[in-house]
Amino acid sequence: MSNNHENDLSLGRRYKKYEGAYNLAFAADPDTQLRRFDEMAPKDDQQWKRLEVFRGNDREAYHAHKSNPNDALVRPTEKEQRMWEANQADMWRIDREPSFGQHAMTNNKWFDLSLEQRRGESTQKFFHAAEQRYGGDYEAWAAKAGNNVVAREDYLQTRAGLEIEQRQAAQQQKMKEAQAQEQRAQQAASVQPTPQASPEAQEQAAAGAPRRTRLSLLNFATPEDGIAQLHKEMSQLPAEQVKQRSEQAEVEHQAMGKGRTEDAAPRVEALNAYHAEVQEAQQQERRQRQEAPAQVETQRRTYQQ
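Computed from a predicted model, the values in this text were never measured in an experiment.

So, how was this worked out
- Residues numbered from 1 in each chain as written.
- Predicted model: local features only at pLDDT ≥ 70, side-chain atom pairs only at ≥ 80, totals over all residues.
- Heavy atoms only, no water.
- Helix = DSSP H or I, 4+ residues; strand = E, 2+ residues; numbered from the N terminus.
- Buried < 20%, exposed > 50% of the residue type's maximum accessible area, 1.4 Å probe, protein only.
- Areas by Shrake-Rupley, 256 points an atom, 1.4 Å probe, with all protein chains shown as cover.
- Core = buried A, V, L, I, M, F, W, Y, C linked by side-chain atoms within 4.5 Å.
- Phe/Tyr/Trp six-rings, centres within 6.5 Å; stacked < 30°, edge-to-face > 60°.
- Contact = heavy atoms within 4.5 Å.
- Polar contact = N/O pair within 3.5 Å; in protein donor to acceptor, adjacent residues only side chain to side chain.
- Axes fitted to C-alpha atoms, helices over the stretch in contact; angles between N-to-C directions.
- Parallel < 35°, antiparallel > 145°, perpendicular 65-115°, else oblique.
- Nonpolar A, V, L, I, M, F, W, Y, C, P; charged D, E, K, R; others polar.
- Salt bridge = Lys/Arg side-chain N within 4 Å of Asp/Glu carboxyl O.

This part covers the overall build of the protein chain. Tallying secondary structure elements over the protein chain gives 14 helices and 0 strands in all. Taken across its 305 residues, the protein chain has 27% of its residues classed as buried. Taken as a whole, the protein chain presents about 21,500 Å² of accessible surface, with 50% of it coming from carbon and sulfur.

Here we come to the nonpolar core. Core analysis: the largest hydrophobic core is formed by 18 residues, its most contacted members being Tyr-15, Tyr-18, Tyr-22, Phe-37, Trp-48, Leu-51 and Trp-110. Elements represented by at least two residues in this core include exactly helix H1 (11-15), helix H2 (19-25), helix H3 (46-56) and helix H4 (59-67). Considering every element that reaches this core, the biggest residue donor is H3, with 3 residues. Core analysis: the second largest hydrophobic core is formed by 17 residues, Ala-27, Ala-28, Leu-113 and Trp-141 among them.

Right, let's get into the packing of aromatic side chains. Counted according to the given criterion, the structure contains 15 aromatic pairs. Measuring from ring centre to ring centre gives 5.3 Å for Tyr-18 and Phe-54, while their planes differ by 75°; the resulting arrangement is edge-to-face. In this pair, Tyr-18 sits in the loop between H1 and H2 while Phe-54 sits in helix H3, placing the two residues 36 residues apart along the sequence. Accessibility expressed as a relative area gives 4% for Tyr-18, which makes it buried. Phe-54 sits in the buried class, given a relative accessible area of 13%.

Before going further, it helps to examine H3. Most of H3 sits inside the fold, with 9 of its 11 residues counted as buried. Buried residues along H3 sit against H1, H2, H4, helix H5 (78-89) and helix H9 (152-191). For H3, the side-chain oxygen to backbone nitrogen distance between the N-cap and Gln-47 is 2.9 Å, and the N-cap itself is Asp-45.

Let us look at unusual backbone geometry. The phi angle at Met-91 is positive, at roughly 60°, despite the residue not being glycine. A relative accessible area of 63% means that Met-91 is categorised as exposed. Of note in the backbone geometry, Trp-92 takes a positive phi value of approximately 55° without being a glycine. Relative to the helices and strands, Trp-92 is located in the loop between H5 and helix H6 (115-119).

Take His-65: it is sitting in helix H4. Residue classification places His-65 among the buried positions, given a relative accessible area of 14%. For the pair His-65 and Pro-76, spaced 11 residues apart in sequence, the C-alpha to C-alpha distance is 7.7 Å. Ignoring sequence-local partners within four residues, the contact set of His-65 consists of Val-74, Arg-75, Pro-76, Gln-81 and Trp-84.

A few words now on the packing of H4 against H5. Viewed as axis vectors pointing N to C, H4 and H5 meet at an angle of 105°, and their least axial separation amounts to 10 Å. By the angle between their axes, H4 is roughly perpendicular relative to H5. Residue-level contacts link Ala-61, Tyr-62 and His-65 of H4 to Gln-81, Trp-84 and Gln-88 of H5. Of the residues belonging to the contact of H4 with H5, the class tally is 3 nonpolar, 3 polar and no charged.

In this section: the pattern of salt bridges. All told, the structure shown has 14 salt bridges when counted by the stated rule. In this structure, Arg-167 engages Glu-163 in a salt bridge whose closest nitrogen and oxygen atoms are separated by 3.0 Å. A residue pair is termed a helical-turn pair when its members lie 3 or 4 positions apart in one helix, as Arg-167 and Glu-163 do in helix H9 at 4 residues. Here Arg-167 falls in the partly exposed class, since its relative accessible area comes to 49%. When its relative accessible area of 10% is taken as the criterion, Glu-163 is described as buried. Linked through salt bridges whose partners overlap, the residues forming this network are Lys-16, Glu-19 and Glu-39.

Considering the arrangement of structural elements, one finds Gln-47 in helix H3. Look at Gln-47 and you get buried, because its relative accessible area is 2%. In contact with Gln-47, not counting residues within four places along its chain, are Tyr-22, Leu-34, Arg-36, Phe-37, Asp-38 and Ala-41.

Written as structure tokens, this is what we have:
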């Protein structure tokens, strides 16, 4: 239960006014620890979750907060605030008898259901089915209940409410398991080689070595290596796929603000020519440095002769 209480207000003080209603609503709870209101119950106790739902459906609590919003004792939790707003927009129909054709349990304030869920066809069917499931147990339960006995209608609503809690708990557990499974799958995918990886790349991944993806190759290899690798990959593809890759590369090139690739061709040619001239000058310089010692040695031998 989400709490934004101030001044360390105890949950017992906040929900004490609902003690009688709670004891009646859950007198048939098989869990003896949850049958009666306990103001000393721990913060994660199911009792407080039930009371939060009930207060979210309490119009008096809503108006008490509206009248004195600075009073921390009447301030709502986040869930209660959402429920108050929904009930206010719904003109607090939850305070009235269910509409014609709706089950008597529809407006039970202890049920943690949205207004849409309460009136939905599937929920109405659930109410009828719960009444059939638990209706035959009432006489036997009442004979053993002693001082905890309540009317048949209250007994049926309690059992239906407990089933709603159980279903919601099971659903939340499934969601947690699904999230955990998804996280494990993502972690496994992050360390496994891609299906297109070569056997050498898979061996490197299994050994914990860095994987050389296409991105890492183009970023860190020499231009010649990158072009050779790209040519090797492209040569193995069907013509249609090569065309698709070329078109995609054109789109990406323009998306980076570099214009059309064909417009860049003259600049690329000029740049290639410049690099060729620089490379030729460097090679010429290396040849001269290599030839200089040989010329000195020839001159020394000629002088000695």
